Amino acid sequence: MTRVLSGIQPSGAMHLGNYFGAIKNFVREQDHADAFYCVVDLHALTQNIDPESLRKASLDLMAIYLASGLDPERCTLFLQSHVAEHTQLAWLLECTASMGELRRMTQFKDKGGDQEGTRVGLFTYPVLMAADIVLYDVDRVPVGDDQRQHLELTRDLAQRFNHRFGDVFVIPEASIPSVGARVMDLQEPTRKMSKSVSSPLGTVNMLDDPSDIERKIKKAVTDTDGELRYDPETKPGLATLLSLLAACERVSPATIAQRYERYGDLKKDVAAALIAELAPIQQRYEEFRNDPAALEAMMAVGAQKARSVAARTYQRAADAIGLAPPVSH
Ligand code: TRP
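Residues numbered from 1 in each chain as written. Predicted model: local features only at pLDDT ≥ 70, side-chain atom pairs only at ≥ 80, totals over all residues. Heavy atoms only, no water.

(A) Fine view of the pairing of strand 1 (residues 3–8). Here strand 1 lies mainly inside the structure; five of its six residues are buried. Where strand 1 lies against strand 2 (residues 34–39), six bridges are found, and the strand directions are parallel. Opposite Ile-8, over in strand 2, you have Val-39 as the bridge partner. One crossover worth recording links strand 1 to the parallel strand 2 by way of helix 1 (residues 16–29), and it is right-handed. (Buried < 20%, exposed > 50% of the residue type's maximum accessible area, 1.4 Å probe, protein only. Helix = DSSP H or I, 4+ residues; strand = E, 2+ residues; numbered from the N terminus. Pairing = 2+ DSSP bridges. Right-handed = clockwise from strand over helix to strand, strands pointing away.)

Shown next as structure tokens:
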């Protein structure tokens, strides 16, 4: 069975971009692959750190995963920092990576790049991501388009390691959803929905209550020609709404377009569909969040399953690179 792994950073509220672009696909995939999903809390340390919010965000995201339908019986669900081998392997990989190849990462450059005050962790972030992946002998990594370069680096590092030290790692492939699968901002429909936009009206969060969802969809930007068809190039706002309903119903946006004549009717149905999609998730979320013992028990199961795979891979890498065999202590 193909093994897949993906991770999301616990940094703020999950929105529809995270849901339709990632989480919903994770849920579908858990029955077709040997799936590993993690909350990458160590990666979140490269942003401004507020200990209490980070701890809370990690549990929030774990509860969102579970509430969305990820099932610890059908996949391996864990918190990155619970498996020490991630940072251990990251060090071995850092010692095979070059300044030049990390400096070329566009996300690093976009986030400020090589400055006196730049955190070293932001620079080496892609190496930790590579470790996350190769630790689990992963075949395929479902990620957004913005992670393509990091996946290339992962492959390069794994190939180089194998070449120099022996056949230790499986070389992973990126699996990137089609452009149509991206959720765009409701106010500025030519850019991706994100948590860092200036206008909060453009982003629907998974935990938004029904009245907020209605309001945001109602105010979503469309156009004035009144023609209802799916055309992301010239009618990006309308296309965003059609895609959202299409994602809920799992049909194509063009099919949805044929059903409507008026923008207002479409908006009403988009809001209703989103509310219906999110309501059970929100309810389960509250249940998980109000039962810390159950959440912890599930994380323990996940951590143990993950560690049993990660420890073996790490040991292979440590042996290959020349570290002395472990001793019991
Ligand atoms: N860098 C990814 C992002 O920001 C998150 C991530 C960390 C990840 N480790 C990963 C994604 C391993 C896939 C696999 O979206």
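Further notes follow.
(B) Inspection of the pattern of salt bridges at higher detail. The final tally for this structure, using the stated rule, is 21 salt bridges. Among the salt bridges present, the one from Arg-55 reaches Glu-52, with a minimum N-O distance of 2.9 Å. With Arg-55 and Glu-52 both in helix 3 (residues 51–68) and three residues apart, this pair spans about one turn of that helix. The residue Asp-114 makes a salt bridge to Arg-103 at a minimum N-O spacing of 3.2 Å. Taken as a pair, Asp-114 in the loop between helix 6 (106–110) and helix 7 (120–134) and Arg-103 in helix 5 (residues 99–103) lie far apart in primary sequence, 11 residues in all. According to the relative accessible area criterion, Asp-114 is exposed, its value standing at 55%. The structure contains a network of salt bridges with shared partners spanning Asp-31, Asp-71 and Arg-74. (Salt bridge = Lys/Arg side-chain N within 4 Å of Asp/Glu carboxyl O.)

(C) Just the domain arrangement of the chain, in detail. Splitting the chain by domain gives domain 1 (3–180 + 292–321) and domain 2 (210–287). Summarising the inter-unit geometry, the C-alpha centres of domain 1 and domain 2 are found 31 Å apart. Each partner contributes to the interface: domain 1 provides 11 residues, whereas domain 2 provides 11 residues. Both faces combined, the contact of domain 1 with domain 2 buries some 1000 Å², and carbon together with sulfur accounts for 65% of it. Three residues stand out in domain 1 for area buried against domain 2, namely Leu-16, Phe-20 and Ala-67, and they jointly supply 46% of the buried area on that side. When the shortest N-O distance is used, the salt bridge between Glu-277 and Lys-24 registers 2.8 Å. Those elements that place two or more of their residues in the side of domain 1 that touches domain 2 are helix 1 and helix 3. (Domains from an automatic or database assignment. Contact = heavy atoms within 4.5 Å. Buried area = accessible area lost by both parts, 1.4 Å probe.)

(D) Just the site of the ligand, in detail. Around the ligand sit 13 residues, and of these Tyr-125, Met-129, Asp-132, Val-143 and Gln-147 come closest. One of the side-chain N or O atoms of Tyr-125 is found 2.7 Å from a nitrogen atom in the ligand. At a separation of 2.7 Å, a nitrogen atom of the ligand approaches a polar side-chain atom of Asp-132. Protein coverage of the free-state accessible area of the ligand, which is 370 Å², stands at 89%. Because more than half of its atoms lie within 2 Å of the grid, the ligand is assigned to the largest pocket. Looking at the shell around the ligand, the elements with two or more residues in it are strand 1 and helix 7. In terms of residues, the shell around the ligand owes the most to one element, helix 7, which gives four residues. Across the shell around the ligand, the residue classes tally to seven nonpolar, five polar and one charged. (Near = heavy atom within 4 Å. Polar contact = N/O pair within 3.5 Å; in protein donor to acceptor, adjacent residues only side chain to side chain. Areas by Shrake-Rupley, 256 points an atom, 1.4 Å probe, with all protein chains shown as cover. 1 Å grid on protein atoms, 1.4 Å probe; cavity = no way out; pocket = protein on both sides within 12 Å on 5 of 7 lines; lining within 4 Å. Sits in = over half its atoms within 2 Å of the grid points. Nonpolar A, V, L, I, M, F, W, Y, C, P; charged D, E, K, R; others polar.)

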